[in-house]
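# Structural characterization, general
The lines below spell out each chain.
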Amino acid sequence: MSTIALSKNWSYERTMQLLGAMWFMLLALLVATKIGTSLADPWPSLLSSFCLGIFYMLLTVLMLTRPPAKAHATGLLPRIAAFVGSYMPWTITFFGKTDEALPNLLSTVCVLVGIIMMLVTIRHLGKSFSLVPQARRVVQTGPYRWIKHPLYLAEEIVILGVVLQYLTVATVIVLFLHIGVQICRILYEEDLLRRSLPEYSSYEASRWRLIPYVW
């Protein structure tokens, strides 16, 4: 690859990192603002918002610290699926929040479980974190011993928690649309990994994608 091409790839990656980090930082600030102006709300509502803010800050840090990829998905559709899957569900934060205790408590549980799963996964994944499908290395430790996409599973659990905080028919529809987009992202990512990392084929043959004995 030429120096010009490498420079373009580096510039593109840095731009995407900064835009992604800015987006999640914006959401964290939005949640913090809501907490600051709603201190009289019931404590389950404040607790669920606080946990969500922590999650957004975690994503901001991950976006800024991921390393360069070995290969990128080609074509427009994988990039569209990645950006829609990464950004669409978090627009739920702009919806009106419920003050009901049970949905907020369930949301807190989902967000905390998702954060813990994400931290455990990242401990084994290292900094191989991206939005657009990218190939860095095949990880086979931790949760990757059982499923191929534990980070996607953690994200869906958190998004379920967000939907519980902003529970309406519209947010439930967003959740199901997002699940469909995530399935596309998983298939695009697997195709890239098969083409870029020879060891991936033997790895994927003995692992479930997302939920053991289901898919």
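For the structure itself, look to the data block above.
The notes below deal with the structure included here. Values in this document were obtained by computation on a predicted structure and should not be read as measured data. (Residues numbered from 1 in each chain as written. Predicted model: local features only at pLDDT ≥ 70, side-chain atom pairs only at ≥ 80, totals over all residues. Heavy atoms only, no water.)

## Some thoughts on the side chain of Gln165
Mapped onto the elements, Gln165 comes out in helix H5 (residues 150-165). Setting aside residues up to four positions removed in sequence, Gln165 forms contacts with Ser48, Ser49, Leu52, Lys97, Thr98, Asn104 and Ser107. (Helix = DSSP H or I, 4+ residues; strand = E, 2+ residues; numbered from the N terminus. Contact = heavy atoms within 4.5 Å.)

## A word on unusual backbone geometry
Even without being a glycine, Tyr213 presents a positive backbone phi close to 65 degrees. Given the relative accessible area of 72%, Tyr213 is considered exposed. (Buried < 20%, exposed > 50% of the residue type's maximum accessible area, 1.4 Å probe, protein only.)

## Some thoughts on the pattern of salt bridges
In the structure shown here, the tally under the stated rule is 6 salt bridges. A salt bridge links Glu190 to Arg194; the nearest nitrogen and oxygen atoms lie 3.4 Å apart. Placement of the pair is Glu190 and Arg194 together in helix H6 (residues 169-196), with a separation of 4 residues, close to one helical turn. Classification of Glu190 by relative accessible area gives buried; the value is 0%. Asp191 is the partner of Arg195 in a salt bridge, and the nearest nitrogen-oxygen pair spans 3.1 Å. Of this pair, Arg195 and Asp191 both sit in helix H6, 4 residues apart, which is roughly one turn of that helix. Residue Asp191 is classed as partly exposed on the basis of its relative accessible area of 35%. (Salt bridge = Lys/Arg side-chain N within 4 Å of Asp/Glu carboxyl O.)

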